[in-house]
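Overview (structure and organization)
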Amino acid sequence: MNSFTKYFTDIFWGFRSLLIGMSVTGRYFFSPGQIVTQQYPENRKKLKMFERFKGDLIMPHDEHNQHRCTGCGICETNCPNGSIEVISDRIELPDGKKKRIIDKHIYHLSMCTFCSLCVKTCPSEALDWDQTFEHAVFDRTKLTKILNKPGSSIIKDIE
Amino acid sequence: MKEIINLPVQSIEEEEYHINMGPQHPSTHGVLRLVVTLQGEIVKKLQPHCGYIHRGIEKMCEKDTYQQIIHLTDRMDYLSAHINNHAVCLLVEGALEVEVPERVKYIRTILDELNRIASHQLWWSSFGMDLGGLTCFFYGLRDREHILDIFEESFGSRLLHSYYTPGGLMRDVHPNFQKRVKDFLKYNRKKIKDYDRILSGNVIFLERSKGVGVLSKELAINYGVTGPSGRGSGWACDIRKKHPYAMYDKVEFREVLRHEGDTYSRYMVRIDEMRESMNIIEQLIDNIPEGDFSAKMKPIIRLPEGEYYQCVESARGELGIYCISDGNKNPVRMKFRTPSFVNLGVLDKISREMKIADLVAIGASLDLVIPDIDR
Ligand code: SF4
Ligand code: SF4
């Protein structure tokens, strides 16, 4: 093929490839099929995350304001970056035995890497994930949370 | 005093000049600084400066237990987090001689391949964007979203999963898992055709990628360039074939090889690899056996004294983990041989005498992930 015809065939094939590409973009432009983008802040009410989504660490409480945490501190040891601090008290039971109860279960959301080791290793399954994801705050002290609610106690049969 | 004054000055020819590409340059996809010596527009020499995002992961591993190390490896090559996790798990399981349940092997292989597809899709998006095709970026991310949804539904995270644990998985996959994966495969087969139509045949793209940054097979082997970049030069270096782990010796797949060694062949290897990954998943997804999602492991894992090495094929090449244990619950030394770091070494060699605009294409075709370089 001499260079003259090659020049024109190159132009032809070049244009053809551009048109093929544009046919794809054109198709999506006129018939997008399914709209994949979301109108985020407006659809807040309807927006539902997957139930296993790791948003925020919580300690589920039942209707009597009772949780399952014994204050054993296993989650604290297993956390790779010190996001959890467990402060427990020792109380004396009526029968003279000493028992450990949780005072504060402090969780630093700002340091958490969402590795889920605390949830997995907790022997009494006291921790779980919540699906909230809007974590932006103006003051970072707000990211330190106390997971056991005020006045809460432990469910009876957990040892 | 004299030595300080007589520091060797970088030799620089007449009419040459240095420019810094990065650390904040969009085409380096992170904080990588390339000091480029130019003559006009021609690249004469290139010197990568790493360390801007160094977090000391290897050092941190020395104080962590083996379960905790998993979440650190997520953060090296964040685009193939599952595969990094897999490497640590295999290392621990190999050292303790634990046999993981069949179900775990199946699920791990499927997730690894999904992760590889997601990684290649993101690479495709950014590669198109670097060469000026912004449409690619949207299409690639749109399709990757389906994989992230599968991940999110099963274990709640989209990028940094920490889902594997020595001995098995954190929890079982979601009941919808199989259906979603099958839907995705059907969907993605169509979309990959679009990728070809938009970019692979595009005349502008071909002009900018064919014959650019030729990496010969010899050079690839000498520099240890593994993964799709090495296979684009005809070097069969797939760990999944050479040292099979998980289910890779039971499934049939082709090791994608091309021999030109230029940017275009590295590109095509990755596109074909996505298809191969889908073939692998298709063979496994229907016959995931029932069973436990984890083997019984002690809560505190202590590896027997000794040295261990485990390599896996991550989306960028061979990820090797070398570990020395003294029998305690944390390793004495962990060394990660990360593919991006090794592949970066060859960038200087293959971009010499190229235009600076080609450097962007070459860098993108090596698919460098900066946290993987610096770890
Ligand atoms: S949350 Fe669980 S692991 Fe942590 S202190 Fe309470 S019971 Fe122990
Ligand atoms: S998810 Fe991981 S990092 Fe976060 S609090 Fe639990 S153990 Fe610590």
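All values reported here derive from a predicted model rather than from experimental measurement. (Residues numbered from 1 in each chain as written. Chains lettered and ligands numbered in written order. Predicted model: local features only at pLDDT ≥ 70, side-chain atom pairs only at ≥ 80, totals over all residues. Heavy atoms only, no water.)

1. Some points on the overall build of chain A
Within chain A one finds 3 helices and 7 strands. When the helices and strands of chain A are listed from N to C terminus, the series reads α-β-β-α-β-β-α-β-β-β. In terms of C-alpha radius of gyration, chain A reaches 28 Å, well past the compact-globule figure of 15 Å for 159 residues. Taking the principal axes of the C-alpha coordinates as reference, chain A spans close to 105 × 35 × 30 Å. For chain A, the share of sequence-separated contacts (at least 6 apart) that also reach a separation of at least 24 residues comes to 69%. In the structure as shown, chain A presents an accessible area of about 11,200 Å², 57% of it carried by carbon and sulfur atoms. Within chain A, the 19 negative side-chain charges are centred at a point lying 7 Å from the centre of the 22 positive side-chain charges. (Helix = DSSP H or I, 4+ residues; strand = E, 2+ residues; numbered from the N terminus. Rg over C-alpha atoms; globule rule 2.2 N^0.38 Å. Contact = heavy atoms within 4.5 Å. Areas by Shrake-Rupley, 256 points an atom, 1.4 Å probe, with all protein chains shown as cover. Lys, Arg positive; Asp, Glu negative; His and termini not counted. Charge placed at Lys NZ, Arg CZ, Asp CG, Glu CD.)

2. A word on the sheet that holds strand β1 (residues 17–21) of chain B
As a general point, the strands of a sheet are linked pairwise by backbone hydrogen bonds and lie either parallel or antiparallel. Residue and element names in this part refer to chain B. Taken together, 3 strands build an open sheet; the order of strands is β1-β2-β3 and the sheet is antiparallel. Single-partner strands in this sheet number two, and they are β1 and β3 (42–49). Neighbour-to-neighbour, the strand axes of the sheet open up by a mean angle of 25 degrees, direction not taken into account. Judged from the 7 bridges that link them, strand β2 (residues 33–39) and β3 form a sheet pairing that is antiparallel. Considered in β3, the bridge of R33 is made with H49. (Pairing = 2+ DSSP bridges. Axes fitted to C-alpha atoms, helices over the stretch in contact; angles between N-to-C directions.)

3. Here's the deal with the site of ligand 1
The immediate surroundings of ligand 1 are formed by C69, T70, G71, C72, G73, I74, C75, H105, C122, P123, S124 and L127 of chain A. Taken together, the residues that form the shell around ligand 1 break down as 7 nonpolar, 5 polar and no charged. (Near = heavy atom within 4 Å. Nonpolar A, V, L, I, M, F, W, Y, C, P; charged D, E, K, R; others polar.)

4. Some thoughts on helix α5 (residues 102–130) of chain B
Residue and element names in this part refer to chain B. Spanning 29 residues, α5 covers 42 Å between terminal C-alpha atoms, matching the ideal 42 Å at 1.5 Å per step. Taking burial as the measure, the 29 residues of α5 include 27 buried ones, the bulk of the element. G132 lies just past α5 and shows a positive phi near 100 degrees. (Expected span 1.5 Å × (residues − 1). Buried < 20%, exposed > 50% of the residue type's maximum accessible area, 1.4 Å probe, protein only.)

5. Let's talk about the side chain of H108 of chain A
Relative to the helices and strands, H108 of chain A is located in strand β4 (residues 98–108). Taking relative accessible area as the criterion, H108 of chain A reaches 14% and is therefore assigned buried.

6. What about a nonpolar patch on the surface?
Residues and elements named next belong to chain A. Together, F4, Y7, F8, I11 and F15 make up an exposed nonpolar region whose accessible area comes to about 580 Å². Along the chain, the position of Y7 falls in helix α1 (residues 3–30). The exposure class of Y7 is exposed, given its relative accessible area of 53%. (Patch = residues over 30% accessible without salt bridge, like charges linked within 9 Å, V, L, I, M, F, W, Y side chains within 5 Å. Salt bridge = Lys/Arg side-chain N within 4 Å of Asp/Glu carboxyl O.)

7. A closer look at the interface of chain B and chain A
With 35 residues of chain B in contact, the opposing surface of chain A contributes 27 residues. For the pair chain B and chain A, the summed buried area comes to about 2,500 Å², and 56% of that belongs to carbon and sulfur atoms. Across the chain B-chain A interface, the total number found is 1 salt bridge. D194 of chain B is paired through a salt bridge with R27 of chain A; the nearest N and O atoms lie 3.4 Å apart. At the junction of chain B and chain A, the tally comes to 10 residue pairs in polar contact (both at pLDDT 80 or more). For the side of chain B that touches chain A, the secondary structure elements donating two or more residues are α3 (66–73), α6 (134–155), α7 (177–200) and α8 (203–209) of chain B. Ranked by the residues each element gives to the side of chain B that touches chain A, the list is headed by α6 of chain B, at 8 residues. Of the residues that constitute the side of chain B that touches chain A, the class distribution is 9 nonpolar, 13 polar and 13 charged. (Buried area = accessible area lost by both parts, 1.4 Å probe. Polar contact = N/O pair within 3.5 Å; in protein donor to acceptor, adjacent residues only side chain to side chain.)

8. Regarding the pairing of strand β3 (residues 84–92) of chain A
Residue and element names in this part refer to chain A. Where β3 meets β4, 9 bridges bridge the pair, whose relative direction is antiparallel. In the sheet register, I87 faces β4, and the bridge partner there is K104. Hairpin remark: β3 followed by β4, antiparallel, with 5 residues in the connecting loop; positive phi at G96, about 95 degrees.

9. Remarks on the sheet that holds β4 of chain A
Residues and elements named next belong to chain A. Strand order in the open sheet formed by 3 strands is β3-β4-β6, with antiparallel pairing between adjacent strands. Each of the sheet's edge strands pairs with one partner strand only, and the pair in question is β3 and β6 (144–146). Here the strands of the sheet are splayed against their neighbours by 25 degrees on average, with no regard to which way each runs.

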